[in-house]
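The primary structure of each chain is shown beneath.
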Amino acid sequence: MSEISAAITAVGGYLPNYVLTNQILETIVDTNDEWITSRTGIKERRILKEEGKGTSFLAIKAAQDLIDKSGVNPQEIELVIVATATPDMKAASTAAYTATKIGATNAFSYDLEAACSSFLFGMSTAAKYIESGRYKKVLLIGADKNSSMINYKDRATCIIFGDGAGAVLFEPNNEGLGVQDEYLRSDGSGREFLQAKYGGSSYKTTAEALENNEHCIFQDGKTVFKNAVSNMADVSEKIIKRNGLNNDDISWLAAHQANKRIIDATAKRISLEDEKVMMNIQKYGNTTSATLPLLLYDYESKLKKGDNIIFAAFGGGFTWGSIYLKWAY
Ligand code: UT7
């Protein structure tokens, strides 16, 4: 690793106001609070209801929150990455629009897509720009308006996903804090099990596809669940072992919030106590690219300088991995 390390120095977040509870879902599809709670841990999720507002609306709000809290001058931000699986449009960059709207007019910007691992992979990307010594302020935003591709008649997916955004600022650190190590993976043979096909370049959007909601998320839950459990646990264990960390050294597990049972299984594999496992799935469901920064947003006041955090994610593609980071403030 280079002498400059890449530290997170500020956090922001945003959740839309509308709360879609399990009780409301009971009136829409054949499901019930008991099933959803026991199988996923989710009680409610937030939905961006307003017409014409997309992922950039969430991203801008989260970035603005970070700017207001930290006092960073947006004109000093050099790069804005929006990690997302639901860009505003197919072609124009959501990050470019977001950067301009928050006043980051000196930054270049781009979107990064790796399904539910988008933010994790974005952490790796952002860190490299800082570690190179060439960039001093990189803003990484994880944002998804999942409700834009959910079929609310499909109980296998509509109970899981929510909308939200979180943002972090990466800056150089010379005390050895920030990103320490990463282990990132992908396997394209898994793509049939979690996907939204139509609207993509291989699948022309037809009236029939729209009619059948084939532009919406499809998930073979059982297969994704099995792969998520084993892979997220494997990579977390690997990164812990190769950095010589033992149980007492780990302050927190920040795991992608897709299903409480997957998070619990990962924590169990690395023998981590419940108090060290960040959890907010009950409030927001699976917000795809926003789960990891929203954990930091919710737990920021509990974090201490030097805390060792193990990040882990698993998502469509398949994509997955783990990052070990030392908290910097
Ligand atoms: O973020 C990207 C990664 N995504 C994930 O990690 C998600 C991974 N998968 C999961 O979290 C779980 O597989 C689900 C939560 C999606 C589903 O849980 P499951 O325990 O795997 O349930 P299942 O699909 O095996 O379904 C069990 C039963 C079925 O009924 P039968 O066939 O046993 O009679 C389903 O029809 O539960 C039924 N079911 C439901 N019942 C009430 C499925 N969805 C629902 C529902 N409400 N919403």
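Preceding block: the structure.
Residues numbered from 1 in each chain as written. Predicted model: local features only at pLDDT ≥ 70, side-chain atom pairs only at ≥ 80, totals over all residues. Heavy atoms only, no water.

Glancing now at the packing of aromatic side chains. The way to describe two aromatic rings as a pair is by their centre distance and the angle between their planes. Here the structure, examined in full by the defined rule, presents eleven aromatic pairs. On the numbers, 5.9 Å between centres and 35° between planes, the contact of F314 with W320 is tilted. We note that F314, like W320, is buried. Three or more aromatic residues joined by ring pairs form one cluster here, namely F108, Y110, Y129 and Y135. Between K49 and the ring centre of Y18, over which it is positioned, the NZ or CZ distance is 4.4 Å. (Phe/Tyr/Trp six-rings, centres within 6.5 Å; stacked < 30°, edge-to-face > 60°. Buried < 20%, exposed > 50% of the residue type's maximum accessible area, 1.4 Å probe, protein only. Lys NZ or Arg CZ within 6 Å of the ring centre and 35° of its normal.)

A separate point is the sheet that holds strand β1 (residues 5-14). Ordered by their spatial adjacency, five strands build an open sheet running β1-β7-β6-β4-β5, and the pairing between neighbours is mixed. Two strands close off the open sheet at either side, each with one partner strand: β1 and β5 (108-112). Taken pair by pair, the neighbouring strands of this sheet meet at an average axis angle of 20°, ignoring direction. As judged from the nine bridges shared by β1 and strand β7 (residues 163-173), these two strands associate in the antiparallel manner. (Pairing = 2+ DSSP bridges. Helix = DSSP H or I, 4+ residues; strand = E, 2+ residues; numbered from the N terminus. Axes fitted to C-alpha atoms, helices over the stretch in contact; angles between N-to-C directions.)

Scanning all chains against the criterion turns up 13 salt bridges. For D30, the salt bridge is made with R155, and the minimal N-O distance between the two is 3.7 Å. Within this pair, whereas D30 is found in the loop between α1 (22-26) and α2 (33-40), its partner R155 is found in helix α6 (residues 155-158), the two being separated by 125 residues in sequence. Relative accessible area serves as the criterion here: at 60%, D30 is assigned to the exposed category. Measuring nitrogen to oxygen at the nearest pair gives 3.0 Å for the salt bridge that ties E182 to K128. Of this pair, E182 sits in strand β8 (residues 178-186) while K128 is found in helix α5 (residues 118-131), placing the two residues 54 residues apart along the sequence. In this structure E182 comes out as partly exposed when scored by relative accessible area, which is 24%. Note on K128: relative accessible area 39%, which makes it partly exposed. (Salt bridge = Lys/Arg side-chain N within 4 Å of Asp/Glu carboxyl O.)

What follows deals with helix α9 (residues 260-269). Every buried residue of α9 is listed here: I262, I263, T266 and A267. On an axial view of α9, the arc spanned by its buried residues comes to 135°, and they lie on one face. Buried residues in α9 make contact with α8 (221-242) and β11 (252-255). Of the residues that open α9, the one with a side-chain oxygen 2.8 Å from the backbone nitrogen of R261 is N259. At the exit of α9 stands S271, carrying a positive phi of roughly 50°. (Arc of directions from axis to C-beta. Contact = heavy atoms within 4.5 Å. Polar contact = N/O pair within 3.5 Å; in protein donor to acceptor, adjacent residues only side chain to side chain.)

Turning to the state of the cysteines, a few remarks are in order. Applying the stated rule across the entire model yields zero disulfides. Its sulfur unpaired, C216 is 11 Å from the next cysteine sulfur, which belongs to C158. (Disulfide = S-S within 2.5 Å.)

Direction of pairing for strand β4 (residues 79-83) relative to β5: parallel, over a ladder of five bridges. Bridging across to β5, A83 finds its partner in L112. On the question of chirality, the crossover connecting β4 to the parallel β5 by way of helix α4 (residues 94-101) is right-handed. (Right-handed = clockwise from strand over helix to strand, strands pointing away.)

Scope: geometric values only; no functional claims are made or implied.
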